[in-house]
Amino acid sequence: MSRLGKIARRTFLFGSVAIVGGVAFGVYKIKQDAPNPLVSGDGAVTLNPFLILNQDGVTIIAPRAEMGQGVHTTWAALLAEELDVDWDKITVLHGPPAKAYYNSALLSEALPFRNYRVGEFQEAMRSFVGDAAKLLSLQVTGGSTSMKDGWMRVREAGAVARETLKLAAAQQLGVTVAELRTENGQVIAADGTSIPYIDLAVAAAAIDPPQVALRDPATWRMLGKNQPRVDMVGKATGTAPFAIDTRLDGMRFATVRMNPRRSGMISFDATNAITMDGVEKIIDLGDGIAVVANNTWLAMQAADAVSVVWDVAAYPAENEQLFEKIAQAFDTDPNATPRNDGDVDADHGGTVLTAEYRIPWLAHATMEPMNATALFSGDRLEIWSGNQAPVLVRDQSAAALGLDPENVTVHTTLMGGGFGRRSEVDFSVLAAKVAREVPDIPVNVTWSREEDMQHDMYRPAALARFRGVVRDGQAILIDGQVAAPSVSKQSGKRLTGQDMPGPDRETLAGSFDQPYGIPNFRMRGHLADLTVPIGFWRSVGNSMNGFFFDSFIDEMAHAAGRDPLQFRLELIRREHEPSAQVVEAVAEMSNWTGQTPDGIGRGVAFTYSFGTPVAQVIEVSQPAGGPVRINKVWIACDVGVALDPRNIEAQMTGGAIYGLSAAVSGEITFADGMVEQRNFPDFDPLRMHNAPAFDVRILQNNRFIGGAGEPGTPPAAAALANALFDLTGVRARELPLIRTFDLLV
């Protein structure tokens, strides 16, 4: 990563002069019809959007956003495995916004399949539909799809480049390709003659890329093993370039202040702010103001000094009024019924149980607040933004300023957390609007933490109602309803300008698509009509249904008089053996017996999400007179192919911490139309003193490669709530759990 700046500045530019002194290689398998954004120039040749050779080594364009999940490291390893290059000779860049960098896996996830039942035919359909993302320029990081997207494409790019270079070497040496091998960025002949890749690049550019076979995983040198993070040195030394670190000559600094009720602005008085020494401009943004100054702290102080009269909220002003609105959705016809097995309305005898659950709104709370830097030069805009959707940043910034998209250059930086928040473009567009008011001057627009938390696109609040029947120790029926605003429809409309057609299955993700062999099984989703801004939050619908659905499964197990882990295992084994093996693994890891001593509680939970089954066991304890502590979390997961075990372990641990933080104390509430939480003391995550120990086991029995960044989140809240029930006998049906239990915070 230390060479990233050098390469970005001196070696190639996007869209004008590309790859000076180098050649881009690889297979662009997707029908060759998306233009390559790496334009040839100054004697350079570019064949492909993903892979570049030059005197510095190899540069890979990894257009999926790096926000701590390690995607750039694994993409580099995918390439290095096939290309035979030294690890320290690889540099990874985000790349520009371009149709060529569409996410081939994201759109395919919308197909109406139960993930655990996907076979070869369904996977082929997914691949076909995934290619349609090119038509939408869907360059988005999300849905735990980065590895699914790069799994074949990046390896093929490396393999085709390797074999093309060997063909060029064979022509130069007058030998057959079979007499050549590759190693450490060189083609080597049988007599020991070696030619560096860069010396073959121009000749290779004239050769039609051959058809190649990918290497057998049994021969892998790097994949399947722990890999050194390509971003670790930069992050450890403070040299990694996040958006908030952007510094340009003549830069000014700004912040924004917008309506906390998420509507318009009636008037403002900036008299006290504009006279502050170092404040240069107060900008009317329509629904708020921006302050431009000579440093960020001064801009924030001046923004607080502006007197503003805000318009009222367009949604119910009080928290309980919002929940009443959500509850009213149960009285409407379901928007989606993606699972309706058997006959849930018949009388099946047995014991009937019912439960209602409630979860709050949640903020993303990224460590790096929303920010972007923009430079407007009359007919062009340049923007530096940590974002998950660079094409959307380009196009919507262009629209806001009345520019053609080709006149907007987007630099995607590393991100200090995303979790779905940076798939939105509001913070980038606001920076563009501020830059328009100070032309020819770069301006860094950084939100205060308070502005960031009160102007998030929240994980929606939701309610769930369940009815179940157990008989003779067996689950006979489960009938669930979930009511919530629709993230897919609201966020989709905001980002694309189009109404999202059809039923919203995402509101039910993590419930209808679970591998439970229950003969009478129905899930219905009811959409609440609320305008509170909501967006994609880590694991999206799975984040709430992991709690709803698995909590009710636990209640059914206890009503049936069964061990809750064995109850799940028996039901899951009927549907999906890899998921059953995950449950067995977590039982073995935790030495699950179903019995706990006084003062100790254990709970188990399971969720299949993003193609990855995850089971968790959580242990809690409560000393006499003290708060409850989360002692340990055991996690078993099956990602299909473990490309980097240490990184997968980190993602499972981080996902669980994210879910546990929300479960323990995470809550966004409204009063007078405004969010009451303003900073981390009001929205506190787990910290070192109250975080548990972790033990993670990675299985590889699943048929296809699954996601890793999000599946660790959904089971966490349910496993903790189930452990607290085991400890106290109190069943929690509402989050955050600190409302019900004395938890260590």
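Residues numbered from 1 in each chain as written. Predicted model: local features only at pLDDT ≥ 70, side-chain atom pairs only at ≥ 80, totals over all residues. Heavy atoms only, no water.

Across its full length, the protein chain carries 18 helices and 28 strands. A compact globule built from 745 residues would reach a C-alpha radius of gyration of about 27 Å, and the protein chain, at 27 Å, matches this within 12%. For the protein chain, the spread of C-alpha atoms along the three principal axes comes to 80 × 70 × 50 Å. With 745 residues in all, the protein chain has 60% of them scored as buried. By sequence separation, contacts in the protein chain at least 24 residues apart represent 77% of the contacts at least 6 residues apart. With an accessible surface of roughly 27,500 Å², the protein chain has 51% of that area assigned to carbon and sulfur atoms. When the 66 positive and 87 negative side-chain charges of the protein chain are each reduced to one mean point, those points stand 2 Å apart. (Helix = DSSP H or I, 4+ residues; strand = E, 2+ residues; numbered from the N terminus. Rg over C-alpha atoms; globule rule 2.2 N^0.38 Å. Buried < 20%, exposed > 50% of the residue type's maximum accessible area, 1.4 Å probe, protein only. Contact = heavy atoms within 4.5 Å. Areas by Shrake-Rupley, 256 points an atom, 1.4 Å probe, with all protein chains shown as cover. Lys, Arg positive; Asp, Glu negative; His and termini not counted. Charge placed at Lys NZ, Arg CZ, Asp CG, Glu CD.)

For the rest of this paragraph, the subject is the sheet that holds strand β14 (residues 336–341). The five strands lie next to each other as β14-β22-β21-β20-β15, forming an open sheet whose pairing is mixed. The sheet terminates laterally at β14 and β15 (351–359), the two strands that pair on one side only. Ignoring which end each strand starts from, the neighbouring axes of this sheet average 10 degrees apart. Across four bridges, the pairing between β14 and strand β22 (residues 520–527) is antiparallel. Bridge pairing in β22 places N340 opposite R522. (Pairing = 2+ DSSP bridges. Axes fitted to C-alpha atoms, helices over the stretch in contact; angles between N-to-C directions.)

Here we take up helix α8 (residues 296–305). Taken together, the buried positions of α8 are occupied by L298, A299, M300, A302 and A303. Buried positions along α8 lie against β9 (252–258), α7 (271–274), β11 (279–284), β12 (288–293) and β19 (443–446). In this structure N295 caps α8, since a side-chain oxygen of it lies 3.2 Å from the backbone nitrogen of W297. (Polar contact = N/O pair within 3.5 Å; in protein donor to acceptor, adjacent residues only side chain to side chain.)

This brings us to the environment of F113. Among the secondary structure elements, F113 is positioned in the loop between β5 (90–93) and α3 (120–131). Relative accessible area serves as the criterion here: at 18%, F113 is assigned to the buried category. Non-local contacts of F113, meaning those with residues more than four positions away in its chain, are made with V118, Q122, M125, R126 and R505.

Moving on: the packing of aromatic side chains. With the rule as written, the count across this model stands at 17 aromatic pairs. With a centroid separation of 6.2 Å and 70 degrees between ring planes, the pair formed by Y116 and Y608 is classed as edge-to-face. Highlighted residues: Y116 in the loop between β5 and α3 and Y608 in strand β23 (residues 600–609), separated in sequence by 492 residues. Just as Y116 is buried, Y608 falls in that class too. Geometrically, the ring pair formed by W537 and Y658 is tilted, given 4.9 Å between the ring centres and 35 degrees between the ring planes. (Phe/Tyr/Trp six-rings, centres within 6.5 Å; stacked < 30°, edge-to-face > 60°.)

Along the chain, M457 falls in the loop between α12 (449–454) and β20 (462–471). Between the C-alpha atoms of M457 and V487, which are 30 residues apart in sequence, the distance is 9.4 Å. Sequence-distant contacts of M457, that is, excluding residues within four places in its chain, are made with R262, H364, R421, E424, D426, R494, P533, I534 and G535.

Further remarks concern the pattern of salt bridges. Within the structure shown, the criterion is met by 47 salt bridges. One salt bridge in this structure joins R215 and D84, with 2.8 Å as the shortest N-O distance. With a gap of 131 residues between them, R215 in the loop between α5 (197–205) and α6 (232–237) and D84 in the loop between α2 (71–83) and β5 connect regions that are remote in the sequence. R215 gets classed as partly exposed once you look at its relative accessible area, which sits at 25%. A salt bridge links D341 to R114, with the shortest nitrogen-to-oxygen separation between them at 3.3 Å. Here R114 lies in the loop between β5 and α3 and D341 lies in strand β14, a separation of 227 residues in the sequence. Of the residues examined, D341 reaches a relative accessible area of 21% and is grouped as partly exposed. On the accessibility criterion, R114 (16% relative accessible area) is buried. (Salt bridge = Lys/Arg side-chain N within 4 Å of Asp/Glu carboxyl O.)

F548, L720 and L737 are the most contacted members of the largest nonpolar core, which has 84 residues in total. Among the elements that make up this core, the one with the highest residue count is helix α18 (residues 714–728) (nine residues). If we ignore the near neighbours within four places in the chain, the residues touching L737 are A663, V664, L720, A721, L724, A732 and L743. Grouped together as the second largest cluster of nonpolar side chains are 44 residues, L51, L78, A204 and W220 included. (Core = buried A, V, L, I, M, F, W, Y, C linked by side-chain atoms within 4.5 Å.)

Another aspect to go through is the pairing of strand β4 (residues 57–61). Most of β4 is tucked away: five of the five residues are buried. As defined by bridge partners, strand β3 (residues 51–54) adjoins β4 across four bridges and the pair is classed as antiparallel. Bridged to I52 within β4 is T59. Here β3 folds back onto β4 in antiparallel fashion, the turn holding two residues. Where β4 meets β5, four bridges bridge the pair, whose relative direction is parallel. Bridge pairing in β5 links V58 to I90. Assessed by its sense of winding, the connection that carries the chain from β4 through α2 to β5 is right-handed. (Right-handed = clockwise from strand over helix to strand, strands pointing away.)

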